[in-house]
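Chain by chain, the residues run as shown.
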Amino acid sequence: MENSAGSDQNSPLPLTSSTAQLSSSKKIWITLLVVAITVLGFVRVADEKAHEMVNESMLVAGASFATARTLDAAISLVKSAEVSIGVASVTLGQVLNPVSDLIDKFAWVMTLAVGSLALQKVLLIMMSSQLANVLLAFCALGLLLSIWSPIMQGYKKQWFSVFKFMVLIRFAVVISL
């Protein structure tokens, strides 16, 4: 039995409607954009700049963490000192406790920052690899085939979604920096 579109219900190919067809000029623009994005993935200029930025940020965050821990150790040493004037004595620890707490919280934040930067570095290494670029090119090829090939046009939405996802994960860290 045939449905209203004129194709078999058991057909492995999805049905397409006439309104889902793209004009030639739109196909050309989409093709140019997809090719440009794919070429950008293989050109490593943005990736190298992102690697430099992450490395510099890790150095700054590490130095800030080390400075905070050193300062906290010095304050802990000074906190144990006691100053006495005549009959009155004052423990410096009471005065320096808020400063010590602030430095502890700052060191904790810097620990999170270094961890986040390390994760970004790992993701950047993975997503700027040749494998990620080949997967991006494969997704681009699938999308272009679904746009230009009459046989594959029913899969246009699926390939477009896969290509968008691959572009997102390929360039997420690069764009975020």
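Refer to the structure presented above.
Residues numbered from 1 in each chain as written. Predicted model: local features only at pLDDT ≥ 70, side-chain atom pairs only at ≥ 80, totals over all residues. Heavy atoms only, no water.

Okay, the overall build of the protein next. A tally of helices and strands in the protein yields five helices and two strands. Ordered by position from N to C terminus, the α and β elements of the protein give α-α-β-β-α-α-α. With 177 residues in all, the protein has 25% of them scored as buried. In the protein, of all internal contacts separated by at least 6 residues, the share reaching a separation of at least 24 is 71%. Accessible area of the protein: about 11800 Å², with a carbon and sulfur share of 71%. (Helix = DSSP H or I, 4+ residues; strand = E, 2+ residues; numbered from the N terminus. Buried < 20%, exposed > 50% of the residue type's maximum accessible area, 1.4 Å probe, protein only. Contact = heavy atoms within 4.5 Å. Areas by Shrake-Rupley, 256 points an atom, 1.4 Å probe, with all protein chains shown as cover.)

With that settled, consider the packing of aromatic side chains. All chains considered together, the criterion is met by one aromatic pair. Plain terms: the ring middles of Phe 138 and Trp 159 are 5.7 Å apart, the flat faces sit at 70° to each other, and that makes the pair edge-to-face. Separated by 21 residues along the polypeptide, Phe 138 in helix α4 (residues 130–148) and Trp 159 in helix α5 (residues 156–176) bring together distant segments of the chain. Judged by relative accessible area, which is 18%, Trp 159 ranks as buried. When the ring centre of Trp 148 is taken as origin, the NZ or CZ atom of Lys 27, which lies over that ring, is 5.3 Å away. (Phe/Tyr/Trp six-rings, centres within 6.5 Å; stacked < 30°, edge-to-face > 60°. Lys NZ or Arg CZ within 6 Å of the ring centre and 35° of its normal.)

This paragraph deals with a nonpolar patch on the surface. Residues Ile 28, Trp 29, Leu 32 and Trp 148 make up a contiguous nonpolar surface patch of roughly 480 Å² in combined accessible area. Sorting elements by how many residues they give to the nonpolar patch places helix α1 (residues 24–42) first, with three residues. Looking at the secondary structure, you find Trp 29 in helix α1. The class for Trp 29 is exposed, based on a relative accessible area of 63%. (Patch = residues over 30% accessible without salt bridge, like charges linked within 9 Å, V, L, I, M, F, W, Y side chains within 5 Å. Salt bridge = Lys/Arg side-chain N within 4 Å of Asp/Glu carboxyl O.)

For the rest of this paragraph, the subject is the nonpolar core. By size, the foremost hydrophobic cluster in this structure holds 14 residues, and its most contacted members are Val 34, Leu 136, Leu 143, Phe 163, Met 166 and Val 167. Put simply, the parts of the chain that give this core at least two residues each are α4 and α5. A per-element tally of this core places α4 first, with seven residues. Ignoring any residue separated from it by four or fewer positions in sequence, one finds Val 167 in contact with Ile 37 and Leu 136. (Core = buried A, V, L, I, M, F, W, Y, C linked by side-chain atoms within 4.5 Å.)

Once that is clear, we can look at helix α2 (residues 45–79). For α2, built from 35 residues, the straight-helix expectation of 51 Å at 1.5 Å per residue is met to within 8% by its first-to-last C-alpha distance of 51 Å. For α2, the complete set of buried residues consists of Asp 47, Ala 50, His 51, Val 54, Ala 61, Ala 68, Asp 72 and Ile 75. (Expected span 1.5 Å × (residues − 1).)

On to the packing of α4 against α5. When two helices pack together, their arrangement is given by the angle between the helix axes and the distance between those axes. It is the contact of α4 with α5, at a shortest axis distance of 9 Å, that shows an interaxial angle of 155°. In this view, α4 runs roughly antiparallel relative to α5, as classed from their interaxial angle. By crossing handedness, the relation of α4 to α5 is classed as left-handed. Residues Ala 132, Asn 133, Leu 135, Leu 136, Phe 138, Cys 139, Ala 140, Gly 142, Leu 143, Ser 146 and Ile 147 of α4 pack against Lys 156, Trp 159, Phe 160, Val 162, Phe 163, Met 166, Val 167, Arg 170 and Phe 171 of α5. Looking at the contact of α4 with α5 residue by residue, the classes come out as 15 nonpolar, three polar and two charged. (Axes fitted to C-alpha atoms, helices over the stretch in contact; angles between N-to-C directions. Parallel < 35°, antiparallel > 145°, perpendicular 65-115°, else oblique. Left-handed = near helix turned anticlockwise from the far one by under 90°. Nonpolar A, V, L, I, M, F, W, Y, C, P; charged D, E, K, R; others polar.)

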